[in-house]
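Analysis of the macromolecular model
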Amino acid sequence: EAAVTQSPRNKVAVTGGKVTLSCNQTNNHNNMYWYRQDTGHGLRLIHYSYGAGSTEKGDIPDGYKASRPSQENFSLILELATPSQTSVYFCASGARTGGQDTQYFGPGTRLLVL
Amino acid sequence: GEKVEQHESTLSVREGDSAVINCTYTDTASSYFPWYKQEAGKSLHFVIDIRSNVDRKQSQRLTVLLDKKAKRFSLHITATQPEDSAIYFCAASRAGSSGNKLIFGIGTLLSVKP
């Protein structure tokens, strides 16, 4: 049983449209993360959260918002999608072990913005 | 900003040989160094990590070495098997009070040929 799930798995959006990517985790982890993966860049952190109600900016937050309404759910919101946001998006949850955070990834969402 | 560089973008080995993937980091305060594996078309999963209080860690066929003076760490895979073929990502972070932000390398595509 997958502990981190994402929906949708694939999404085609139009430029200027609103896109919401959802993530759910059953690990009971405090920390959750949103990354995007692009060839030549590896994974880059967009937003993260330390718990319900908190969101923090990552390394590339421009054009994205995040929402953490509960321990289990963390959403990534593109208010005005642009073609440059075409990417694969991964959500992860983090287990604090000894002060460092082993992260467990969801299956990814492939987003195409036309 | 802080960076993690992976020096091999691709690596090809024969089944049974050893493979070594090298990474360097820029943040001298980095203290946690995980490795993740991504098989074709799939998500990332955690394989092994090392913390800055040790310079070597082994788990079955995987060994991670850490040279803090050179700000370098490496993943060694012995007796490689075709199922080891994947993209391997190194990452680094500082310890934080509520989890950590991982900085990823761009990935190394390891191909294990029969």
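The structure reproduced in this document is the subject of the present report.

Reading the values: rules and limits
- Residues numbered from 1 in each chain as written.
- Chains lettered and ligands numbered in written order.
- Predicted model: local features only at pLDDT ≥ 70, side-chain atom pairs only at ≥ 80, totals over all residues.
- Heavy atoms only, no water.
- Buried < 20%, exposed > 50% of the residue type's maximum accessible area, 1.4 Å probe, protein only.
- Helix = DSSP H or I, 4+ residues; strand = E, 2+ residues; numbered from the N terminus.
- Pairing = 2+ DSSP bridges.
- Phe/Tyr/Trp six-rings, centres within 6.5 Å; stacked < 30°, edge-to-face > 60°.
- Axes fitted to C-alpha atoms, helices over the stretch in contact; angles between N-to-C directions.
- Patch = residues over 30% accessible without salt bridge, like charges linked within 9 Å, V, L, I, M, F, W, Y side chains within 5 Å.
- Areas by Shrake-Rupley, 256 points an atom, 1.4 Å probe, with all protein chains shown as cover.
- Salt bridge = Lys/Arg side-chain N within 4 Å of Asp/Glu carboxyl O.
- Contact = heavy atoms within 4.5 Å.
- Buried area = accessible area lost by both parts, 1.4 Å probe.
- Polar contact = N/O pair within 3.5 Å; in protein donor to acceptor, adjacent residues only side chain to side chain.
- Core = buried A, V, L, I, M, F, W, Y, C linked by side-chain atoms within 4.5 Å.

The next point concerns the pairing of strand β9 (residues 86–92) of chain B. All names here are of chain B. In terms of residue burial, β9 counts as a mostly covered element, since six of its seven residues are buried. As paired strands, strand β4 (residues 32–38) and β9 are joined by four bridges and run antiparallel to one another. The residue bridging Gln38 from the neighbouring strand is Ile87, located in β9. Sheet analysis places β9 next to strand β11 (residues 108–113), joined by three bridges and oriented antiparallel. Directly across from Tyr88, in β11, lies its bridge partner Thr108. With two bridges joining them, β9 and strand β10 (residues 103–104) adopt antiparallel strand pairing.

Time to look at the environment of A:Trp34. Residue and element names in this part refer to chain A. Relative to the helices and strands, Trp34 is located in strand β4 (residues 31–38). The exposure class assigned to Trp34 is buried, which follows from its relative accessible area of 0%. Separated by 56 residues in sequence, Trp34 and Phe90 have C-alpha atoms that sit 5.8 Å apart.

Aromatic ring pairs are reported here in terms of the distance separating the ring centres and the angle at which the planes meet. Tallying each qualifying case throughout the model produces 17 aromatic pairs over all chains. Ring geometry for B:Tyr25 versus B:Phe33: centroids 4.8 Å apart, planes at 45°, classification tilted. Given a relative accessible area of 0%, B:Phe33 falls into the buried group. Put simply, the rings of A:Tyr33, A:Tyr35, A:Tyr48, A:Tyr50, A:Phe90, A:Phe105, B:Tyr36, B:Phe46, B:Phe89 and B:Phe104 touch in pairs and so form one group of aromatic residues.

Moving on, we get to the sheet that holds strand β1 (residues 4–6) of chain B. Residues and elements named next belong to chain B. Read across the sheet, five strands follow the order β1-β3-β8-β7-β6 without closing on themselves; strand pairing throughout is antiparallel. In the strand order of this sheet, the two ends are held by β1 and β6 (56–59), each with one partner. Pairs of neighbouring strands in the sheet enclose a mean axial angle of 15°, with direction left out of account. Both β6 and strand β7 (residues 62–67) contribute to a ladder of four bridges, which runs antiparallel. Bridge pairing in β7 links Arg56 to Leu65.

What follows covers a nonpolar patch on the surface. Taken together, the side chains of A:Val12, A:Leu112 and A:Leu114 present a nonpolar region at the surface, about 290 Å² in accessible area. Residue classification places A:Leu114 among the exposed residues on the basis of a relative accessible area of 59%.

So, on to the environment of B:Gly16. Within the secondary structure, B:Gly16 is located in the loop between β2 (10–14) and β3 (19–25). Excluding residues that lie within four positions of it along the chain, B:Gly16 makes contacts with B:Ala79 and B:Thr80.

In this complex, chain B contributes 23 residues to the contact, which on the side of chain A involves 23 residues. Across the chain B/chain A interface, buried area totals approximately 1,900 Å², and carbon plus sulfur atoms make up 52% of it. Our count for the contact surface shared by chain B and chain A stands at one salt bridge. Notably, a salt bridge pairs B:Lys101 with A:Asp59, separated by 3.6 Å at the nearest N-O pair. On the surface where chain B and chain A come into contact, there are four residue pairs in polar contact (both at pLDDT 80 or more). If you list the elements that add at least two residues to the side of chain B that touches chain A, you get β4, β5 (44–51) and β10 of chain B.

Turning our eyes to something else, we now look at the pattern of salt bridges. Residue and element names in this part refer to chain B. Under the counting rule described, the total for this entry stands at eleven salt bridges over all chains. A salt bridge links Arg94 to Asp27; its shortest N-O distance comes to 2.7 Å. Residue Arg94 is found in the loop between β9 and β10, and its partner Asp27 is found in the loop between β3 and β4; the two are separated by 67 residues along the sequence. Note on Asp27: relative accessible area 9%, which makes it buried. Linking Arg51 and Asp49 is a salt bridge whose minimum nitrogen-to-oxygen distance equals 3.5 Å. On the basis of relative accessible area, Arg51 is assigned to the partly exposed category, the value being 21%.

Another point: the nonpolar core. Formed by 24 residues in total, the largest nonpolar core has its most connected members in B:Trp35, B:Phe73, B:Leu75 and B:Leu110. Counting residues per element, the ones that place at least two in this core are β2, β3, β4, β5, β7, β8 (72–77), β9 and β11 of chain B. The residues contacting B:Leu75, other than those within four sequence positions of it, are B:Ala19, B:Val20, B:Ile21, B:Trp35, B:Ile48, B:Leu62, B:Thr63, B:Val64 and B:Tyr88. Counting residues in hydrophobic clusters, the runner-up holds 18 residues, among them A:Ile46, A:Ala81, A:Tyr89 and A:Val113.

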